[in-house]
Amino acid sequence: MKLKLLALPWTDARSPQPALGILAAYVMRHAPGWQVETDYAYLDVAALDTELYSAIAASDIEGERLYATLLYPDGEKRLVEYWERLTRRTQLGEHLAFLQRRGHRIAAIVSRLRTQLGEHLDTLVTRHDWRDCVVGLTTSFSQLFANLLFAKRLKESGVDAPIVLGGSTVSPATIADSILNTYPFVDFIVRGEGEQPLVALLQQIERREAAQPIPGVATRAHPGRGGRMWQVADLDSLPVPNFDAFYARVPSVGQAVLPIEGSRGCWWDRTTKQPKATCNFCNLNVQWDGFRQKSATRIASEMRELSARHHATHFTFLDNIVRLRGFDEFVDALRALDLDARIFHEARANLRPYDLLRFREAGLRAVQFGLEGLSNSFLKRINKGTSVIMNLEVMKTCAELGIRSHSNLIIDFPGSTQEEVDDTLRIIDRYACAYEPPAIAGFELGIDSVVARYPEQFGIAGLRNHDRYADVIPADTLASLKLYQLSFDAQFPQVNWWPVVERVEEWKADYKPHPLWYQDGGSFLHVFRHRPGRPTQTTELLGTAAKLYHFCLQIRTRSEIDLSFGGRGENVFELLQPMIAQSILYQEGDRFLALATAPDPMIAARRIRQQSAPRVRHLSVL
C-alpha cells in the first residue's frame, strides 16, 4: 500500500515543510511495507507568483480565507472588500497596493487566484494514482481550508482513500472533533505528534481491522476529547528527515533553507502541570506535552548529513526556544561541524552576550527573540518572565555582532494600560531606538492559550471563531466549527496603542546601524550619539567613569559593581547618574546596562570574551 503525504499552500516556499520529511522517514523505518510518496504541492502555487504567494503566506488567516471562498463562493465579495481595505502596514496590503498602482484591481486579483488555486487542486487529483492509498495532509501553516477543499474534490472524484489530517492547527481536541463532525470527507485527524499515531493507524488499515481507539487519533467513533496524545519519548531515536522530493524540485542549488528540529515544546511552558505557567498569549505548544530535546551530537550529525545530501548550508531551527540545559554542548557541536552555516533560531531574552557570541561563531545569523514588550508592567502582564533590561541587552548584542533580530512587540493585549503604552514609548525614544527595530504584532487570541482558558481574568468575553471567518463561511457551518484563531469582546475600554505603532514606523524609517556607539581609549571612553537631523553628540568619560561604563557594557548588578569598584575611594554610583540622565546607560532596579555598541563586531567579540570569561554563568531566567 501507499502513503501519500501532501503539503498545500501556505508554507514558506524556500523550505521543505518539515512534517512531510519527518513523517516520511519515520514511516519508511517503522512501516517498511508501505510505499511513501511526498508532494510539496505548495511549490506549484508559489511558482505562479512568488511575491504574491509570500505576501499571502505572511498574513495570519488570509490564505485560509481565500481557500474558504472556493468551498463557499458567496464569501468572495467580502474577501475582496477586506483586501481593498488592507493597509500598507501589512506585507499583503503593501503588495496589493503595489499591484493596484500597476493597474490591477483587487477583484481581478482574487478572481485569478481562486481560478489558479482551483485548477491546481484539480491537477493534483488527476496527477496521482490514488489506488491502495492513504492520504496524509499537514495543516500547520494556514493549510486547513486548502486541505478541506482538496479532500472534498478527491472524494467527489470517486477516490475512496482514507484521508488523514494532522498538524498544530487541528491538534486541539475541540477543533479535531468539529472538523470530523462538519466535513464527512475527512476520515482521521492526528492530534499532536504524528509519528507513532500515524504508523499505528497505517497498520490498522493494512490489517483491515475494525477501527479501534489509537492514542492521538480522532475519528467520529473515537473523538479527540478525552483522548490523549502519543509522543516520542527520545527524539534521538527519530530517523533523519527525508526531504529528497523537495530538493528534487528546487531549481536553485544552495538557496533553499533546511529545517532542523532540535527540540519540541517550550521549557517555559509548564501548563501541563500548572495551567497558567507560560506566556499568557501563546498557544504554540498545544500539540506538545512538555519539553524534549535532541542531544547536541544528534543535531550536529543530522545537520551534516542533510547539508551533504542537499548541498545546503542555510538552516532554520524549528524550535520554539533555545535550550537552557546543554546550551554549551549544543553550540560546541555546531562549531565542530566546521561549516559556513547560516542559522536562524527562535530564542528568549535570557541569552547573555557570551552565549550570543558563541552562537554567532557557530553560525547564528538571524534570531527571533520573544521581546513582546518594552514595559516591565506589560511583560509581567503577559507572564513573559523577562524584563526590559534583558530585552535591551539582547537587542544591543545582536546589533554589535551583526545578528539580524526578527522580533516583535505585541500591542492591544487585553487589559494593558496607558502607563504601559507610555513606558513603551519612553523606552523606545530614550534607549531601544539605538538598535534594530522590531515588528508590531497585534494581539491575536489563539485557542487553548492562557487568555482563552481564563477570559474573565483578562476582561474579555464572547469568545468565538475569528470574525473574519464569518465573512467567508456560512453562519450555520461556522457555528459547528472550532478554529484556531479567535475573536472576543472586551469588557472594558481598551487603551490606544496607535502611538506605539506610529513610533515604530518612524524608528524603521530613520534607523541606521550603530546610532549610539563607543570608542574605548583605556583611560578615557567616548560615547557618540547620532540622531537624524542633529549633529553627532559626544560624551567623554574619564578615569573611573570610563572603566565603569566599559564594565557595564553587559548587565551588571549593584553588588558586582561594588565588588569591582567599591575600594576606589569614590562613590561610583554617583558617577553613573550623569550617564543615566544622558540615556547612555539604563538602570532597572539594582541592574545597570551601558547602551552604546562597539564600533565593529571584532571589538564587540573581544570585549564580550574578556568580560564574560568562564567564571560567569551566562544563561539566566528572571
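Quick note: structure is the one above.
A brief look at the structure comes next.

Comments concerning the pattern of salt bridges
Next up, step 1: Applying the stated criterion to the full structure yields 40 salt bridges.
Next up, step 2: With a closest N to O distance of 3.6 Å, K2 and D129 form a salt bridge. With K2 in strand β1 (residues 2-6) and D129 in the loop between α7 (106-127) and β3 (133-138), this residue pair connects regions lying 127 residues apart in the sequence.
Next up, step 3: Judged by its relative accessible area of 12%, K2 is buried.
Next up, step 4: On the accessibility criterion, D129 (33% relative accessible area) is partly exposed.
Next up, step 5: The salt bridge involving R591 is made with E588; its shortest N-O contact spans 3.0 Å. Like E588, R591 is buried.
Next up, step 6: Salt bridges sharing common partners tie together D60, E62, R65, R468 and D471.

Digging into the packing of aromatic side chains
Next up, step 1: Tallied over the full model, the rule gives 20 aromatic pairs.
Next up, step 2: Each ring, one from F330 and one from F359, has its centre 5.7 Å from the other, and the planes form 80°; the classification is edge-to-face. In this pair, F330 sits in helix α13 (residues 327-336) while F359 sits in helix α14 (residues 353-361), placing the two residues 29 residues apart along the sequence.
Next up, step 3: Judged by relative accessible area, F330 falls into the buried class, the value being 2%.

A closer look at the nonpolar core
Next up, step 1: Core analysis: the biggest nonpolar cluster contains 214 residues, and W83, F145, F150 and Y549 have the highest contact counts within it.
Next up, step 2: When residues of this core are assigned to their parent elements, the largest contribution, nine residues, is made by helix α16 (residues 388-401).
Next up, step 3: In contact with W83, other than residues within four places in its own chain, are I56, E62, L66, L92, L96, I106, V110 and L113.

Topic: empty space enclosed by the protein
Next up, step 1: All chains considered together, the criterion is met by four cavities of 30 Å³ or more.
Next up, step 2: Roughly 70 Å³ of internal volume is contained in the largest cavity.
Next up, step 3: Taken together, V45, L48, D49, L52, Y53, R112, L113, Q116 and L117 form the lining of the largest cavity.
Next up, step 4: Mapped by element, the contributors of at least two residues to the lining of the largest cavity are α2 (42-48), α3 (50-58) and α7.
Next up, step 5: Among the elements that take part in the lining of the largest cavity, α7 stands out by supplying four residues, more than any other.
Next up, step 6: Partitioned by chemical class, the residues of the lining of the largest cavity number six nonpolar, one polar and two charged.

Some remarks on the sheet that holds strand β21 (residues 537-542)
Next up, step 1: Taken together, the three strands give an open sheet; going across it, the order is β19-β20-β21, and neighbouring strands pair in antiparallel fashion. Each of the sheet's edge strands pairs with one partner strand only, and the pair in question is β19 (516-520) and β21. Within the sheet, the average angular offset between the axes of one strand and its neighbour, ignoring direction, is 20°.
Next up, step 2: Note that β19 and strand β20 (residues 524-529) share five bridges and pair antiparallel. The residue bridging Q519 from the neighbouring strand is H526, located in β20.
Next up, step 3: The sheet contacts of helix α22 (residues 543-551) involve β19, β20 and β21, and relative to β21 the element is tilted by about 110°.

Let's talk about the packing of helix α4 (residues 62-71) against α7
Next up, step 1: Running from amino to carboxyl end, α4 crosses α7 at an angle of 75°, the nearest separation of the two axes being 10 Å. With respect to each other, α4 and α7 are oriented roughly perpendicular. The segment α4 lies against α7, with L66, Y67, T69 and L70 engaging V110, L113, R114, L117, G118 and L121.
Next up, step 2: Class assignment for the residues of the contact of α4 with α7 results in seven nonpolar, two polar and one charged.

Focus on the packing of helix α5 (residues 76-85) against α7
Between two packed helices, both the angle of their axes relative to each other and the distance between the axes serve to describe the pair.
Next up, step 1: It is the contact of α5 with α7, at a shortest axis distance of 9 Å, that shows an interaxial angle of 130°. Classified by the angle between their axes, α5 and α7 sit oblique to one another. Classified by chirality, the crossing of α7 by α5 is right-handed. Of the residues in α7, those in contact with E76, L79, V80, W83 and E84 of α5 are I106, A107, V110, S111, L113 and R114.

Details of α14
Next up, step 1: Summarising burial for α14: seven of the nine residues are buried, a large majority.
Next up, step 2: By the burial criterion, the buried members of α14 are P353, Y354, D355, L356, L357, R358 and F359.
Next up, step 3: Each element contacted by the buried residues of α14 is listed here: α13, β11 (342-347), β12 (364-369), α16 and α25 (601-611).
Next up, step 4: Looking one or two places after α14, you find G363, whose phi comes out positive at around 125°.

Section: the pairing of β3
Next up, step 1: Burial of β3 is extensive: six of the six residues sit out of reach of the surface.
Next up, step 2: Because side chains alternate across β3, one face comprises the buried residues C133, V135 and L137, and the other comprises V134, G136 and T138, equally buried.
Next up, step 3: Note: β1 against β3, five bridges, orientation parallel. Paired with K2 across the two strands is C133, which belongs to β3.
Next up, step 4: When β3 meets strand β4 (residues 163-166), the two strands line up parallel, connected through four bridges. Pairing of V135 across the sheet is with I163, part of β4.
Next up, step 5: Crossover β3 to β4 through helix α8 (residues 144-156) is right-handed.

Rules of the game
- Residues numbered from 1 in each chain as written.
- Predicted model: local features only at pLDDT ≥ 70, side-chain atom pairs only at ≥ 80, totals over all residues.
- Heavy atoms only, no water.
- Salt bridge = Lys/Arg side-chain N within 4 Å of Asp/Glu carboxyl O.
- Helix = DSSP H or I, 4+ residues; strand = E, 2+ residues; numbered from the N terminus.
- Buried < 20%, exposed > 50% of the residue type's maximum accessible area, 1.4 Å probe, protein only.
- Phe/Tyr/Trp six-rings, centres within 6.5 Å; stacked < 30°, edge-to-face > 60°.
- Core = buried A, V, L, I, M, F, W, Y, C linked by side-chain atoms within 4.5 Å.
- Contact = heavy atoms within 4.5 Å.
- 1 Å grid on protein atoms, 1.4 Å probe; cavity = no way out; pocket = protein on both sides within 12 Å on 5 of 7 lines; lining within 4 Å.
- Points joined across faces, edges and corners; volume = space filled by probe spheres on them.
- Nonpolar A, V, L, I, M, F, W, Y, C, P; charged D, E, K, R; others polar.
- Pairing = 2+ DSSP bridges.
- Axes fitted to C-alpha atoms, helices over the stretch in contact; angles between N-to-C directions.
- Parallel < 35°, antiparallel > 145°, perpendicular 65-115°, else oblique.
- Left-handed = near helix turned anticlockwise from the far one by under 90°.
- Right-handed = clockwise from strand over helix to strand, strands pointing away.

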